[in-house]
Amino acid sequence: MTIRLGLAGTGRIGTSHAETLKALPGVASVVVADADRERARTTATKLGVEFAPDIETLLAADIAGLVIATATDSHPELITKAVDRGIPVFCEKPVAADIAGTLEVIRHVENGSVPVQIGFQRRFDIGYAAARAAVAAGELGWLHTLRATTLDPAPPPAEYIPRSGGLFRDCGVHDFDIIRWVTGREVAEVFVLGGNRGERFFADAGDVDTAAVVMRMDDGALATVSLGRYNGAGYDVRLEVLGSRGNAVVGLDDRSPLRSVEPDYPASPYPAYPGFMERFRRAYTEELRIFLSVVTGETENPCEPIDALEAFYIAEACELSRRERRPVAVEEVRI
């Protein structure tokens, strides 16, 4: 069986998703639309996919599933419109711009009959999956420490920052989700320090360009998350999972932007990852392949809106901790 899929949003990640979807076995055709009609038309022509002049036309195009890769503020409306039409949805995180909006979408989705899969691509990375399997099998013993890192090589454009939601909601939320997913535990409490040593536009937007997060898990394990926008060596995303019997490290390979100064340790001949698209290309493909299986009913939804909400709660607690310079229990920000 082959199906027709729709895609809303033809920016960088949307265009990449359209190209991936077109190549997946089981996809007969892809229809794309964007608020910028000419950008969508250009993308459709370039990729050899179908063009819809607007979202309403896209939703009425007899599509079996919808991939949403638009700006965050459009996610709630697009999700609910698709669900109301009985169209399964894949939506890039976040579900909405805030907790209240996320809860509203979740309530709406619960009354629908189709799945909504949220795009946390790290869940589909083979390294993170291997770490999760090792934890679940008890190979590491009981966990005592986790160290997560997400460091961008350069900051996003200045105009993006005021509408990004801030470092924790935009960037750290991936680490918060993957720590929950790998360990199977919840984050109980956070303490955060943030800094601004880069461009002024971060501080002007009330954001930070660097942060250190300390988290206490609900079983007593400790986790740290390092976040930054100025890692000139390259895109650095890793997770260390340390237990009483062993450890697992995700993201440590020949393209990791780490340079040892030990004289007997040779430098890697390979270039560092320049960004998230290159680092997680296989994971993005895998999560869309899984979405196709979700649409056809062969696979259960692997990442529901409630998962995005839990990661969002942690991000909210981090922002409150940064502002008030105190430990914050995640329960404190729950609605």
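Coordinates for the structure precede this section.
These lines cover the structure that appears in this document, whether it is placed above or below. Not measured: the values here are computed from a predicted model.

1. Focus on unusual backbone geometry
Omega for the peptide link from Lys93 to Pro94 comes to -5°, which places this bond in the cis form. Positionally, Pro94 belongs in the loop between β5 (89–92) and α5 (99–110). One non-glycine residue, Asp62, adopts positive backbone phi at about 55°. When you line up the elements, Asp62 lands in the loop between α3 (55–59) and β4 (65–68). Using a relative accessible area of 67% as the deciding quantity, one classes Asp62 as exposed.

2. Here we look at helix α1 (residues 12–23)
Residue pairs three or four apart in sequence face the same way in an α-helix, which turns once every 3.6 residues. Between the first and last C-alpha of α1 there are 17 Å, a value that for twelve residues agrees with the 16 Å anticipated at 1.5 Å per step. Where α1 is concerned, the buried positions are Ile13, Gly14, Thr15, Ser16, His17, Ala18, Thr20 and Leu21.

3. A few points about the pairing of strand β6 (residues 116–119)
Here β6 shows no split at all, with Val116 and Ile118 on one side and Gln117 and Gly119 on the other all buried. The pairing of β5 with β6 spans four bridges and is classified as parallel. What sits directly across from Phe90, in β6, is Gln117. For the crossover from β5 across α5 to β6, the handedness is right-handed.

4. Here we look at the sheet that holds strand β2 (residues 27–33)
Here we have six strands laid out as an open sheet, ordered β3-β2-β1-β4-β5-β6, and parallel in their pairing. The sheet is open, and its two borders are formed by β3 (50–51) and β6, each paired with just one other strand. Direction of pairing for strand β1 (residues 3–8) relative to β2: parallel, over a ladder of six bridges. Bridge pairing in β2 places Arg4 opposite Ser29. Strands in contact with helix α10 (residues 281–295) are β1, β2, β4, β5 and β6; relative to β5, the strand with the most contacts, it is inclined by about 155°.

Analysis parameters
- Residues numbered from 1 in each chain as written.
- Predicted model: local features only at pLDDT ≥ 70, side-chain atom pairs only at ≥ 80, totals over all residues.
- Heavy atoms only, no water.
- Helix = DSSP H or I, 4+ residues; strand = E, 2+ residues; numbered from the N terminus.
- Buried < 20%, exposed > 50% of the residue type's maximum accessible area, 1.4 Å probe, protein only.
- Expected span 1.5 Å × (residues − 1).
- Pairing = 2+ DSSP bridges.
- Right-handed = clockwise from strand over helix to strand, strands pointing away.
- Contact = heavy atoms within 4.5 Å.
- Axes fitted to C-alpha atoms, helices over the stretch in contact; angles between N-to-C directions.

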